[in-house]
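Listed here are the chains, written in short residue letters.
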2 protein chains.
Amino acid sequence: MSPHRTRRRIPDATVARLPIYLQILSAQLDGGTSNLSSEELATLAGVNAAKVRKDLSYLGSYGTRGVGYEVQYLVYQIRRELGLDHEWNVVILGAGNLGQALSGYGGFTERGYPIAGIFDIDPDKVDTLVGGVRVRPLDELAQVVAARSVSIGVIATPPVAAQDAADRLVRAGVTSILNFAPTLVNAPLGITVRTVDMSVEMQILSYHEQRRVAAASSLRSVQADGSRNQTA
Amino acid sequence: MSPHRTRRRIPDATVARLPIYLQILSAQLDGGTSNLSSEELATLAGVNAAKVRKDLSYLGSYGTRGVGYEVQYLVYQIRRELGLDHEWNVVILGAGNLGQALSGYGGFTERGYPIAGIFDIDPDKVDTLVGGVRVRPLDELAQVVAARSVSIGVIATPPVAAQDAADRLVRAGVTSILNFAPTLVNAPLGITVRTVDMSVEMQILSYHEQRRVAAASSLRSVQADGSRNQTA
DNA sequence: ACGTCTTTGTGAACGCGTGCACAACCGTTC
DNA sequence: GAACGGTTGTGCACGCGTTCACAAAGACGT
Ligand SMILES: NC(=O)c1ccc[n+]([C@@H]2O[C@H](COP(=O)([O-])OP(=O)(O)OC[C@H]3O[C@@H](n4cnc5c(N)ncnc54)[C@H](O)[C@@H]3O)[C@@H](O)[C@H]2O)c1
Ligand SMILES: NC(=O)c1ccc[n+]([C@@H]2O[C@H](COP(=O)([O-])OP(=O)(O)OC[C@H]3O[C@@H](n4cnc5c(N)ncnc54)[C@H](O)[C@@H]3O)[C@@H](O)[C@H]2O)c1
């Protein structure tokens, strides 16, 4: 019926690791490595080899038994699966400390997420230049989103304005939101929201730190949780 | 034997949610709410009520049946559990875009993580002021860490320098590291490392975005994964 | 052509996290 | 003081993610 066969669902945990594999594989490719075993990739990614194989198996059978995986082909497959076969334009709301850092950061464009625009509600900020880009007023948001087919929006406003920012993004037509404000933002059904709260990360660290002191006598080490952190 | 009874281990998933509860409860306290049920807290945090109760039960039985939880007392208990009953000095390595944004961000000091110093390897950056703080040379790192009992270090250097930065932090005596460079950093046993890679977040978003387009006909919504993100 | 060596792909067991459901319990009212 | 509405704390079942372990399969040498 559909031109593409409906792809099977990839577990969230795997999706979260694919970018890490991709980054390692890209680096290996640049370094001239053309082939890699699950064992080697696992070591580089700091995970279990069986996990690597299972993760990659969700993409299909792209390895060769006795040999390993062809790096270039794997990179292509992961990129395709993550939707990186084309660029995703991004808008940023809030041109403060963080918004400016994000805007001036080359890593996003490099990885296929060019900044289509940065917006601020403050008239004093509007029309100033940050990282070579002009800060735009909010009333240009819908227009930019439509003109450049933006589907990802980043919230870098103060916490109190985060919900307002999210509402504006949704109204403008954005369907995925990356929220850096330490607040829960609500969005209608069908909109994906991810919140990255740096203070939460700090608090998780200090929990372990505090625990380490409390249990100074027991030598048992704290184990790492799922999302790419180690205590080793 | 020990003055404090050894506290039972709290699941990682719960530890990751405690800061969120704390933030909500603090806001409620400021707003004059003195009591809150698990149902209300669950709604505010966007999670299941049973999960809230189970999470809080790891701290002890601090609720009252038929009534709910006393906000002030709960705030105190969560803060204690997260090690927030005293301040944690933090050092930042790398005074670039991100390092400066972090340094100028009041939210960390507010939450009990004052910036004890920001360091850079570039002589041109050293001695400049960012957010009112002087950028220090790396050879002052060990001294600052010792003098101000710093146990948390933040890596905001380019990816290639991240491992070097981690090594310096460890040598200086830091035992917890928050790494913003998109690279795996290795640390000796006993050191906790958390990596926050913003590009990974973007890629997770675009995966869902790409998937949404592919499966335009099926109305099934993508479900959220564990770490505080919604698709609702 | 065949055997050996290496590595994949996956079935199966296990463990952790989530959510339901309910008994235990508190406060309040009559 | 007894009955009642409300909320906690938790036993239990379920599902997802991780890891082990091994058969299947390609590559290579003889
Ligand atoms: N700066 C950091 O390093 C850092 C670290 C962690 C988290 N955060 C979070 O990121 C967010 C931004 O932090 P910051 O330091 O850049 O704050 P900031 O105050 O420097 O900048 C916020 C900007 O958002 C603009 N703004 C306010 N309301 C807006 C709206 N409705 N729409 C669009 N723009 C609006 C303001 O004019 C301001 O320019 C905050 O929620 C903060 O908690 C920042
Ligand atoms: N800027 C962002 O918004 C952003 C977003 C996501 C991720 N990141 C990541 O954060 C890191 C920093 O990004 P940035 O944009 O601030 O980079 P940047 O190039 O602006 O700053 C890096 C700073 O680190 C310093 N440095 C280099 N080697 C060092 C060392 N060994 N010890 C101490 N300092 C050293 C450099 O002199 C420079 O000042 C990078 O790894 C980047 O990938 C940044």
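Here the residue index of a chain counts from 1 through its sequence in written order. Note on labels: chains are lettered from A, ligands numbered from 1, in written order. Where local features are concerned, this predicted model is filtered to residues with pLDDT of at least 70; where side-chain atom pairs are given and counted, the filter is 80 or more; whole-chain, interface and lining totals use all residues. Side-chain measures were taken over the full set of non-hydrogen atoms in the model, leaving aside hydrogen atoms and water.

(A) Seen up close, the protein's contact with DNA strand C. Each residue is tested against the molecule or strand, and it is near if at least one of its non-hydrogen atoms lies within 4 Å. The immediate surroundings of DNA strand C are formed by 26 residues, with S38 and Y69 of chain A together with K51, K54 and R65 of chain B found nearest. Among all atoms of DNA strand C positioned within 4 Å of the protein, those belonging to sugar or phosphate total 67%. Within the backbone of G66 of chain A, a nitrogen or oxygen atom sits 3.0 Å from a sugar or linking oxygen of DNA strand C. Here a polar contact is taken to be a pair of N or O atoms separated by no more than 3.5 Å, where protein atoms must pair a possible hydrogen donor with a possible acceptor and residues adjacent in sequence count only if both atoms sit in side chains. Between DNA strand C and K54 of chain B there is a distance of 2.6 Å, counted from a base oxygen to a side-chain nitrogen or oxygen.

(B) How the structure looks around the site of ligand 2. Looking at ligand 2, there are 23 residues lining it, with Y105 of chain A together with L98, D120, K125 and T157 of chain B nearest. More than one chain reaches ligand 2: the nearby residues come from chains A and B. Here A101 of chain A contributes a backbone N or O atom positioned 3.1 Å from an oxygen atom of ligand 2. Between Y105 of chain A and ligand 2, the recorded distance is 2.7 Å, taken from a side-chain N or O atom to an oxygen atom. Taken by itself ligand 2 offers 820 Å² of open surface, and the protein chains cover 87% of this. Per the convention used, a helix needs a DSSP run of H or I reaching at least four residues, while a strand needs a run of E reaching at least two, with both numbered from the N terminus. At the level of elements, α5 (97-103) of chain A together with α5 (97-103) and α8 (159-172) of chain B are the ones that each hand at least two residues to the shell around ligand 2. The biggest single contributor to the shell around ligand 2 is α8 of chain B, with 3 residues. Accessibility throughout is a Shrake-Rupley quantity obtained with a 1.4 Å probe, and a residue counts as covered only by protein chains that appear here.

(C) Fine view of the relation of the copies chain A and chain B. For the least-squares superposition of copies, only C-alpha atoms count, and only for residues with pLDDT at least 70 in both. Its rotation angle being 180°, the transformation that places chain A on chain B also includes 0.0 Å of axial translation and leaves an RMSD of 0.0 Å. Overall, the copies show the geometry of a two-fold rotation axis. Ranked by how close their C-alpha atoms come to the rotation axis, the residues of chain A are headed by A101 of chain A, at 3.3 Å. Contacts between residues were defined by any pair of non-hydrogen atoms, one from each residue, lying within 4.5 Å. Taken together, the interface assignments show that 99% of the residues at the interface of chain A recur at the interface of chain B, consistent with an identical surface on both copies.

(D) Quick look at the pattern of salt bridges. Salt bridges are defined as contacts in which a side-chain nitrogen from Lys or Arg sits within 4 Å of a carboxyl oxygen from Asp or Glu. This structure, assessed with the given rule, holds 12 salt bridges over all chains. R134 of chain B is the salt-bridge partner of D127 of chain B, the closest N and O atoms lying 2.6 Å from each other. Each residue's exposure class comes from its accessible area (1.4 Å probe, protein chains only) as a fraction of the maximum for that residue type: buried when under 20%, exposed when over 50%, partly exposed otherwise. Of the residues examined, D127 of chain B reaches a relative accessible area of 51% and is grouped as exposed. Bridged by salt links that share partners, the residues D127, R134, R136 and E140 of chain A form one connected network.

(E) The pairing of strand β8 (residues 152-155) of chain B, seen in detail. Residue and element names in this part refer to chain B. The two faces of β8 match: I152 and V154 on one face and G153 and I155 on the other face are all buried. Note on pairing: two strands pair once DSSP finds at least 2 bridges between them. Strand direction decides the pairing type here: strand β4 (residues 90-93) and β8, joined by 4 bridges, are parallel. Across the sheet, residue I92 finds its bridge partner in β8, namely V154. As judged from the 4 bridges shared by β8 and strand β9 (residues 176-179), these two strands associate in the parallel manner. Paired with G153 across the two strands is I177, which belongs to β9.

(F) Focus on the environment of A27 of chain B. Turning to its location among the elements, A27 of chain B is positioned in helix α1 (residues 12-30). C-alpha separation for the pair A27 of chain B and D12 of chain B, spaced 15 residues apart in sequence, amounts to 24 Å.

(G) Spotlight on the packing of helix α2 (residues 38-45) of chain A against helix α3 (residues 49-57) of chain A. All names here are of chain A. In the contact formed by α2 and α3, the axes pass within 8 Å of each other and the chain directions differ by 105°. Relative to α3, α2 is oriented roughly perpendicular. Contact residues: S38, E39, L41 and A42 in α2; A49, V52, R53 and L56 in α3. Ten residues, namely Ala, Val, Leu, Ile, Met, Phe, Trp, Tyr, Cys and Pro, are considered nonpolar, four, namely Asp, Glu, Lys and Arg, are considered charged, and the remaining ones, Gly among them, are considered polar. Of the residues belonging to the contact of α2 with α3, the class tally is 5 nonpolar, 1 polar and 2 charged. In this analysis an axis means a line fitted to C-alpha atoms, helices contributing only their contacting stretch, and an angle means the value between N-to-C directions, from 0 to 180 degrees. Any angle from 65 to 115 degrees is called roughly perpendicular, while one under 35 is roughly parallel, one over 145 is roughly antiparallel, and all others are oblique.

(H) Just the protein's contact with DNA strand D, in detail. The local shell around DNA strand D holds 26 residues, among which R65 of chain A together with S38, R65, G66 and Y69 of chain B are the closest. Those atoms of DNA strand D that come within 4 Å of the protein belong to sugar or phosphate at a rate of 65%. In the model, a sugar or linking oxygen of DNA strand D is placed 2.8 Å from a nitrogen or oxygen of the G66 of chain B main chain. Within the side chain of Y69 of chain B, an N or O atom sits 2.7 Å from a phosphate oxygen of DNA strand D. Per-element accounting of the surface near DNA strand D gives the leading share, 4 residues, to α3 of chain A.

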